[in-house]
Amino acid sequence: MTSLDYSQCREAAIRRLFDASGLCLEIGPSYNPILPKRGGQRVETVDHCDAATLRAKYANQPGVDIERIEDVDHVWRGEPLADLVGPGRFDVVIASHVIEHTPDMLGFLRECERALAPGGRLVLAVPDRRRTFDFFRPASTTGAVLQAHHEKRTRHAPGAAFDFIANFCTFDGRQGTGTEAAATFAVSNPVQDAASGFSYYATGGEYHDCHAWVFTPSSFRLIVSDLAAIGAVALREEGFWETPIFEFVTVLSREASGCPLGRADLLVAAHREAATPAAPRPARPAT
Ligand SMILES: C[S@@+](CC[C@H](N)C(=O)[O-])C[C@H]1O[C@@H](n2cnc3c(N)ncnc32)[C@H](O)[C@@H]1O
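Description of the structure in this document. Here the structure is a predicted model, which is why all the values come from computation and not from measurement. (Residues numbered from 1 in each chain as written. Predicted model: local features only at pLDDT ≥ 70, side-chain atom pairs only at ≥ 80, totals over all residues. Heavy atoms only, no water.)

## Notes on the state of the cysteines
Working step 1: Counting across every chain of the model gives zero disulfides.
Working step 2: Cys 24 supplies the cysteine sulfur nearest to Cys 9, a cysteine that is in no disulfide, at a spacing of 19 Å.
Working step 3: Of the residues examined, Cys 9 reaches a relative accessible area of 26% and is grouped as partly exposed.
Working step 4: Left without a disulfide partner, Cys 49 is nearest to the cysteine sulfur of Cys 210, which lies 17 Å away.
Working step 5: In this structure Cys 49 comes out as buried when scored by relative accessible area, which is 16%. (Disulfide = S-S within 2.5 Å. Buried < 20%, exposed > 50% of the residue type's maximum accessible area, 1.4 Å probe, protein only.)

## What about unusual backbone geometry?
Working step 1: Despite not being glycine, Lys 152 shows a phi value in the positive range, around 50 degrees.
Working step 2: Relative to the elements of secondary structure, Lys 152 occurs in the loop between helix 6 (142-150) and helix 7 (158-166).
Working step 3: For Lys 152, a relative accessible area of 66% translates into the label exposed.
Working step 4: Of note in the backbone geometry, Asp 172 takes a positive phi value of approximately 50 degrees without being a glycine.
Working step 5: By secondary structure assignment, the location of Asp 172 is in the loop between strand 6 (169-171) and strand 7 (184-187).
Working step 6: Look at Asp 172 and you get partly exposed, because its relative accessible area is 36%. (Helix = DSSP H or I, 4+ residues; strand = E, 2+ residues; numbered from the N terminus.)

## A look at the pairing of strand 5 (residues 116-127)
Working step 1: The buried fraction of strand 5 amounts to nine of the 12 residues, a majority that puts the element mostly inside the structure.
Working step 2: Relative to strand 5, strand 4 (residues 90-96) is paired through six bridges, and the arrangement is parallel. Counted as the bridge partner of Phe 90 is Leu 116 from strand 5.
Working step 3: You can see the chain leave strand 4, run along helix 5 (residues 105-115) and come back into strand 5, and the turn it takes is right-handed.
Working step 4: With seven bridges connecting them, strand 5 and strand 9 (residues 247-253) associate as antiparallel partners. From the neighbouring strand, Leu 124 faces strand 9, where its bridge partner is Thr 250. (Pairing = 2+ DSSP bridges. Right-handed = clockwise from strand over helix to strand, strands pointing away.)

## What about the packing of helix 7 against helix 8 (residues 191-202)?
Working step 1: Running from amino to carboxyl end, helix 7 crosses helix 8 at an angle of 155 degrees, the nearest separation of the two axes being 8 Å. The orientation of helix 7 relative to helix 8 falls into the category roughly antiparallel. Crossing of helix 7 over helix 8 shows right-handed handedness. Facing helix 7, whose interface residues are Pro 158, Gly 159, Ala 161, Phe 162, Ile 165 and Ala 166, helix 8 presents Val 191, Asp 193, Ala 194, Ala 195, Gly 197, Phe 198, Tyr 201 and Ala 202.
Working step 2: Classifying every residue of the contact of helix 7 with helix 8 by side-chain character gives 11 nonpolar, two polar and one charged. (Axes fitted to C-alpha atoms, helices over the stretch in contact; angles between N-to-C directions. Parallel < 35°, antiparallel > 145°, perpendicular 65-115°, else oblique. Left-handed = near helix turned anticlockwise from the far one by under 90°. Contact = heavy atoms within 4.5 Å. Nonpolar A, V, L, I, M, F, W, Y, C, P; charged D, E, K, R; others polar.)

## What about the pattern of salt bridges?
Working step 1: For the structure on display, the rule yields 15 salt bridges.
Working step 2: Among the ionic pairs, Arg 114 bridges to Glu 111, the shortest N-O distance being 3.1 Å. Of the two residues, Arg 114 and Glu 111 are both situated in helix 5; the distance of three residues between them amounts to about one turn of the helix.
Working step 3: On the accessibility criterion, Arg 114 (34% relative accessible area) is partly exposed.
Working step 4: Each of Arg 10, Glu 11, Arg 68 and Glu 247 takes part in one network of salt bridges that share partners. (Salt bridge = Lys/Arg side-chain N within 4 Å of Asp/Glu carboxyl O.)

## Focus on the site of the ligand
Working step 1: Around the ligand lies a shell formed by Arg 10, Gly 28, Pro 29, Ser 30, Asn 32, Asp 47, His 48, Trp 76, Ser 96, His 97, Val 98 and His 101.
Working step 2: With respect to the ligand, the side chain of Asn 32 contributes an N or O atom lying 3.0 Å from an oxygen atom.
Working step 3: Here Ser 96 contributes a side-chain N or O atom positioned 2.6 Å from an oxygen atom of the ligand.
Working step 4: Coverage of the ligand by the protein chains reaches 88% of its 590 Å² of free accessible surface.
Working step 5: Here the residues of the shell around the ligand sort into three nonpolar, seven polar and two charged. (Near = heavy atom within 4 Å. Polar contact = N/O pair within 3.5 Å; in protein donor to acceptor, adjacent residues only side chain to side chain. Areas by Shrake-Rupley, 256 points an atom, 1.4 Å probe, with all protein chains shown as cover.)

Written out as structure tokens, the structure reads:
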């Protein structure tokens, strides 16, 4: 499938990777539900805010069709996810472009696991940092994921916010590299903005979002394998797909045997991915 074909039918392509006939929970569907209620899916949804607030938030964002935002069944205000939606109920829990936003990634995985019925599956679509505005950020490690859980983070670490803001880049004027290697990039924010962001995130008050976690396909698989190997989660890799665009998709379940690649192979693969594709050149203002 070409990248254009995939982009045009992304949600349908992801749906084909698992059996969505049972009761599903979609976390953070926003304006891009993978399992739309209007498509007849048996799905409940969770988000930070209700549909009216989401529609107001995205009303003026270019390229966003707010008509696609559906009613939110469970509004998440920071309580454990499985307490909110009910433990052990769902055959599928799906979260597309959400895990990288969670302050405590391990806590998120464990709560998704707790929400699953016996035999249930967690489906995650995750951005590949090599194709996004996180291009220059190094991939997250298992140790950092454990640290966040140890600290019981419910808000983003100010340092993660600093890195997110300081290294946010556009590529040939877009927020990602696209499907081809970009020719040029530009850093979006002065580093002083990142320092202000650090202070802002450090001083409490309102919750602020950012990409706390950054992955390439193999760095993500390594973290999940590590967490399963040390008994931090019971979920293991059942399937893994790289897509032709900016994301990869994985299916995890308690019954799966796990990633077929060993730890050393994943380390080598993650190391290779860290250097690909080659960095574009800085964009220079026209003279
Ligand atoms: C980048 S958007 C992804 C939207 C859509 N799923 C997609 O694939 O395009 C992230 C979504 O996750 C939601 N989200 C982020 N953190 C969340 C959390 N802790 N609980 C519930 N929803 C969350 C946001 O409100 C937003 O709807």
